[in-house]
Each structure stands twice: as structure tokens, then as C-alpha cells.
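Per-entry structural report
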Amino acid sequence: MSQAIALSHSCRDSLPRLSCVIPCYNEAANLRLLLPLLAEHLGPCTSAWEVILVNDGSRDDTSAVFDEWAVRPGFRAIEFSRNFGKEAALTAGLQAANGEVVVLMDADLQHPPPLIAEMVAHWQDGADVVYALRSNRDDEPPFKRFGTNAFYRLINAHSRFEVPADAGDFRLMDRHVVEALLALPERNRFLKGLYAWVGFKSVAIPYAPAERATGTSHYNALKLIAFSIDGLTAFTTWPLRVASIAGMVMAVLGFLYGIYVIVDHELYGNAVEGWTTIVVLLLFFVGIQLVSLGILGEYVARIFEEVKNRPLYLVRRALGEGLAPVEGREAIAARVSPSLRRRV
């Protein structure tokens, strides 16, 4: 058993076998710049490596880039049948990765490949997770900075773990961490939260993201808001509690106002007036009820998605060859989370 579990901390003196997972959506031009850089920088900091490219339903010539690079040693390509989202693409890459350590990074060249060597050095020093932390957000508009800060304050409120506010998907993870993530069965995979939830020894390294080499970000304001709602409903129940508390406060205020109206009428004979006030209050309370139902509906929708138990993604084709599977990978998965079974 101990021999099968090949990835203990004692073997970190040597360079690791590394898998690099890159989700791609309309990133053909960036990939032509990124992949030569990766081939240059991965060799000195690894004993062997593979690059796993996941095409998340791209509409440009990303598929042609895959055909070109998948014939080269160390490059593998997975193409989805359609667009399933970045979280699904990252999960597919993690499931396909065979390295002792796995690096996740974007294809837009904002994640610098030279930083991988520093991540490997921290892994050799005993870290299980090494994640890149943005040194600042000066390049973002004020509205986005405000929304980002508010989101992380909300998701970390009264939580047993903390999701780093300025960390993204650019990180290195030990095989034990990867197997722990893959053991989690939920379909709504808000990975930034799952990274923090599984724990393990983590080290942050600051970096300043570069400008996108080509193209623009695929996340607009509406997508970011939807992504935030997914994260909040996946890791917190405070919106439900806020709705409950708001309902109780409004009920108490309504009850007190009713007592005031009755007392005022009995003692002073004032007629009950104020139809405008009644209509306004009625509309206000109806609005509160609809908002509460909407919050409840978001959680019910997540339950609906989970119970359907559909696969996270469908693969149209897979190309190339990479690393051989890690020795004792199933034993590692069983030791990390013996009570959970991995599902696609």
C-alpha cells in the first residue's frame, strides 16, 4: 500500500512530472504564442511534462491549432461537443492529467509561464497548493473592483474557510489535491471555492497579470454577475437567512403599526386613513416576497441541476499522447477521500 502511494512528501527532492491544463475558448491566436513558450519553460523545472488543451466549443480555428500541436510529444487535446463552460473544461483537464503535480492556467498569456518554475520550487519545499495572487487590480474599472470586493466579503462571511480575493485559476496542485477535487460530486463546480474547501497546505505568490496578447475577455458584466450568483449559492446559505430575517422584521413592523392604528382609533377616534400609504406598503411587501421567492428559486434550481445527474461535458474527440498514468493513482484517490466516488 505504501509503495502504491507514490507521491509522499519525501519524494519532492526531485523534479516532478507535471501536467499543464489550459481551457480554451476562441484562443487560437493566443495559443500560437503560448504553446512555444510553455515548451521552452516546462523542460528545466520538470522531469517530464504534458500540456492538456481543452477546447470548450470554440468557434475560431482553435481546433486547427490542436491538430497542429497534438502530433508533437507532450501535447494532448480534448474537444468538447459544444461549449460547457470553463469550470467543465478545467474539470476535464484535471481528470485527464497524469502528472504528480498539475498546473492550471489560461490561454490568454496573462498567466506568465516563467512563474511555473517558482511554483514547482514551493511544491518541493512542501506546499500542496501554490496559487498566483494578483498584486493589484488597478487595471480594472471601479465598478468591477467594487463588485469583486463585495463578492468575496459575502462568500467569506461566517465561513470555515476563506476564498482568497485576488486568486484565480492559475495554480499548481499536488496529486493529492487533484484527487480530492475530483472526488467532489457536485455538478455546479465553482472551482475557486472548491480549491479553498479542500484545504491542504497552500502558498500564495504575488504576480501582475500581463495584458491579453490578442482578443478580449469573454466575461462581460452579466456573465460575472451570474458567476457570482453561482458561487454564493454553492458555498453560502446567508441569502436564505437574510430573506427569513427580512420577513420577520417586516412582520414585526406590520404588527406594531397595526397596534398603533387600533390604539389611535380607540383613544382619539381618528379615522383610519392613508390609502396611498397602504398601497405603497402593499407593493413594498409584495416586492420583498418576490425577492425572497427568487432567492429560494436559485437554490431550488441548483438542486434541480444536481438531481438530473447529467455529465459535466461530452467529448467530441481526443488527440495526442502525454504522460503515463501516475503509479498508484487510484490508491491516492482512495486515501484522500475514501467515502466519495468520482463521477464524470
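Residues numbered from 1 in each chain as written. Predicted model: local features only at pLDDT ≥ 70, side-chain atom pairs only at ≥ 80, totals over all residues. Heavy atoms only, no water.

**Re the sheet that holds strand 8 (residues 315-320)**
Read from one edge of the open sheet, 8 strands run 7-5-6-4-1-2-3-8, paired in mixed fashion. The sheet terminates laterally at strand 7 (202-207) and strand 8, the two strands that pair on one side only. The mean inter-strand angle of the sheet, taken between neighbouring strand axes irrespective of direction, is 20 degrees. Relative to strand 7, strand 5 (residues 129-134) runs parallel, the two sharing 6 bridges. Bridge pairing links leucine 133 to proline 206 in strand 7. Contacts between helix 6 (residues 175-183) and the sheet are confined to strand 4 (101-104), strand 5 and strand 6 (167-174), with strand 6 contributing the most and set at about 115 degrees to the helix. (Pairing = 2+ DSSP bridges. Helix = DSSP H or I, 4+ residues; strand = E, 2+ residues; numbered from the N terminus. Axes fitted to C-alpha atoms, helices over the stretch in contact; angles between N-to-C directions. Contact = heavy atoms within 4.5 Å.)

**Quick notes on the packing of helix 6 against helix 7 (residues 191-198)**
To describe two helices that pack against each other, one gives the angle between their axes and the distance between the axes. In contact at an axis separation of 10 Å, helix 6 and helix 7 are set at 120 degrees when each is read in the N-to-C sense. In terms of their interaxial angle, helix 6 and helix 7 are classed as oblique. Considering the relative orientation of helix 6 and helix 7, their crossing is right-handed. Counting all contacts with helix 6, which are made through Val177, Ala180 and Leu181, the residues of helix 7 involved are Leu194, Tyr195 and Val198. (Parallel < 35°, antiparallel > 145°, perpendicular 65-115°, else oblique. Left-handed = near helix turned anticlockwise from the far one by under 90°.)

**Remarks on the nonpolar core**
Nonpolar side chains tend to gather and get buried jointly when the protein is soluble and globular. Judged by nonpolar contacts, the single largest core of 37 residues is most densely connected at Leu18, Ile22, Leu35, Leu38, Val51, Ile116 and Leu172. Examining the composition of this core, we find that 6 residues originate from one element, helix 1 (residues 28-42), more than from any other. Discounting residues that sit within four places of it in the chain, isoleucine 116 has contacts with Leu18, Leu38, Leu42, Cys45, Val103 and Met105. (Core = buried A, V, L, I, M, F, W, Y, C linked by side-chain atoms within 4.5 Å. Buried < 20%, exposed > 50% of the residue type's maximum accessible area, 1.4 Å probe, protein only.)

**Focus: helix 7**
For helix 7, a buried count of 7 out of 8 residues is recorded, marking the element as mostly surrounded by other parts of the structure. The complete set of buried residues in helix 7 reads Leu191, Lys192, Gly193, Leu194, Tyr195, Ala196 and Val198. Directly after helix 7, the chain includes glycine 199, whose backbone phi takes a positive value near 80 degrees.

**Here's the deal with the confidence of the model for the chain**
When the pLDDT values of the chain are averaged, the result is 78; 79% of them are 70 or greater. Between residues 1-8, whose pLDDT stays under 50, and residues either more than four places distant or in other chains, the model counts 15 contacts. (pLDDT = per-residue confidence, 0-100.)

**Comments concerning the pattern of salt bridges**
Applying the stated criterion across every chain yields a total of 10 salt bridges. Arginine 72 is the salt-bridge partner of glutamate 68, the closest N and O atoms lying 3.5 Å from each other. Between lysine 86 and aspartate 106 there is a salt bridge, with its nearest N and O atoms 2.9 Å apart. Within this pair, whereas lysine 86 is found in helix 3 (residues 86-96), its partner aspartate 106 is found in the loop between strand 4 and helix 4 (115-124), the two being separated by 20 residues in sequence. Residue classification places lysine 86 among the partly exposed residues on the basis of a relative accessible area of 21%. You can call aspartate 106 buried: its relative accessible area is 16%. Among the ionic contacts, a cluster of salt bridges with common partners joins Asp67, Glu79, Arg316 and Arg317. (Salt bridge = Lys/Arg side-chain N within 4 Å of Asp/Glu carboxyl O.)

**Quick word on the state of the cysteines**
Taken as a whole and judged by the stated rule, the model has 0 disulfides. Take cysteine 45: it sits in no disulfide, and the sulfur closest to it among the cysteines is that of cysteine 20, at 9.8 Å. (Disulfide = S-S within 2.5 Å.)

**Focus on a nonpolar patch on the surface**
Where nonpolar side chains cluster on the molecular surface, the patch consists of Ile245, Met248, Val249, Val252, Leu253, Phe255, Leu256, Ile259, Val263, Leu267 and Tyr268 and spans about 1,100 Å² of accessible area. The topology assignment puts isoleucine 259 in helix 9 (residues 238-268). According to the relative accessible area criterion, isoleucine 259 is partly exposed, its value standing at 39%. (Patch = residues over 30% accessible without salt bridge, like charges linked within 9 Å, V, L, I, M, F, W, Y side chains within 5 Å. Areas by Shrake-Rupley, 256 points an atom, 1.4 Å probe, with all protein chains shown as cover.)

**Considerations on the packing of helix 1 against helix 2 (residues 62-69)**
With their axes 8 Å apart at the nearest point, helix 1 and helix 2 run at an angle of 25 degrees to one another. The angle between helix 1 and helix 2 places the two elements in the roughly parallel class. Along this stretch, helix 1 crosses helix 2, giving a crossing that reads as right-handed. Contacts from Ala28, Leu31, Arg32, Leu35 and Pro36 in helix 1 reach Thr62, Val65, Phe66 and Trp69 in helix 2. Here the contact of helix 1 with helix 2 is composed, by residue class, of 7 nonpolar, 1 polar and 1 charged. (Nonpolar A, V, L, I, M, F, W, Y, C, P; charged D, E, K, R; others polar.)

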